[in-house]
Amino acid sequence: MPDYVEHEEGITRVGALSAEAVVRDYEAAAKEIEAMGAELISAAKRCEAMTAEVHNAIAFMRDTAASYREEAKKIFKRIEECAIFTEQVRKTCESVKLKMIEGKA
């Protein structure tokens, strides 16, 4: 019998047994309710852990996207530098070619 109840003086045996049976049923239900609370706490902790993992994954994705943008910027700049250099080489060759033609004339 739970410690939060005690029999009244002068209770009959039938009354005592009936009261004990009812309080035991209620106590069993109360323990199941507490167990459900413990399960909910455990589920909440798992959700918190999963949320932390999701935040880490999102941060990783943001960092990865930023790295891709930086790499794209570097490649973009290299391509433009090569295009400018190629244009300068073409102009220099054209200039040299014209000088050679003018020198022969």
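Everything here concerns the structure above.
Residue indices follow the written sequence of each chain, beginning from 1 at its first position. The predicted origin of the model limits local features to residues at a pLDDT of at least 70 and limits the giving and counting of side-chain atom pairs to 80 or more, whereas totals for whole chains, interfaces and linings rest on all residues. Remark: hydrogens and water are excluded; side-chain values derive from all non-hydrogen atoms of the structure.

A.B. asks: Before we move on, could you go through a nonpolar patch on the surface and cite the residues and values that matter?
C.D. replies: Patches draw on residues past 30% relative accessible area with no salt bridge. Two like charges within 9 Å are joined, as are two nonpolar side chains (Val, Leu, Ile, Met, Phe, Trp, Tyr) within 5 Å. Per-residue and other accessible areas follow the Shrake-Rupley method at a 1.4 Å probe size, with only the shown protein chains counted as cover for residues. Any carboxyl oxygen of Asp or Glu that lies within 4 Å of a side-chain nitrogen of Lys or Arg is treated as forming a salt bridge with it. On the surface, a cluster of nonpolar side chains totalling about 290 Å² of accessible area is made up of M1, Y4 and V5. Each residue gets one of three labels from its accessible area relative to the maximum for its type: buried under 20%, exposed over 50%, partly exposed in between, using a 1.4 Å probe on protein chains only. For M1, a relative accessible area of 45% gives the class partly exposed.

A.B. asks: Outline the side chain of E20, listing residues and values.
C.D. replies: Helical segments are the DSSP runs of H or I of at least four residues, strand segments are the runs of E of at least two, and each set is numbered from the N terminus. Note on placement: E20 falls in helix α1 (residues 13-104). Any pair of N or O atoms that falls within 3.5 Å is considered a polar contact. Within protein, one atom must be able to donate a hydrogen and the other to accept it, and sequence-neighbouring residues count only if both atoms are side-chain atoms. Engagement of the side chain of E20 in a polar contact is seen with the side chain of H7, the distance being 2.5 Å.

A.B. asks: So what about the pattern of salt bridges? Which residues, and what values?
C.D. replies: Taken as a whole and judged by the stated rule, the model has three salt bridges. In this structure, E20 engages R24 in a salt bridge whose closest nitrogen and oxygen atoms are separated by 3.5 Å. Of this pair, E20 and R24 both sit in helix α1, four residues apart, roughly one helical turn. Across the pair E87 and R90 runs a salt bridge whose closest N-O atoms are separated by 2.5 Å. Separated by three residues within a single helix, E87 and R90 lie in helix α1, roughly one turn from each other.

A.B. asks: Any chance you could break down the environment of A83 for me, citing the residues and the numbers?
C.D. replies: With respect to the secondary-structure elements, A83 resides in helix α1. Residues A83 and A30, spaced 53 residues apart in sequence, show a C-alpha to C-alpha distance of 79 Å.

A.B. asks: Run through the side chain of E27, naming residues and quoting values.
C.D. replies: As for its placement among the helices and strands, E27 is situated in helix α1. K31 is the oppositely charged side chain nearest to the buried, salt-bridge-free E27, at an N-O distance of 4.0 Å. At 2.6 Å, the side chain of E27 forms a polar contact with the side chain of Y4. When charges are counted, Lys and Arg are positive and Asp and Glu negative, with His and the chain ends excluded.

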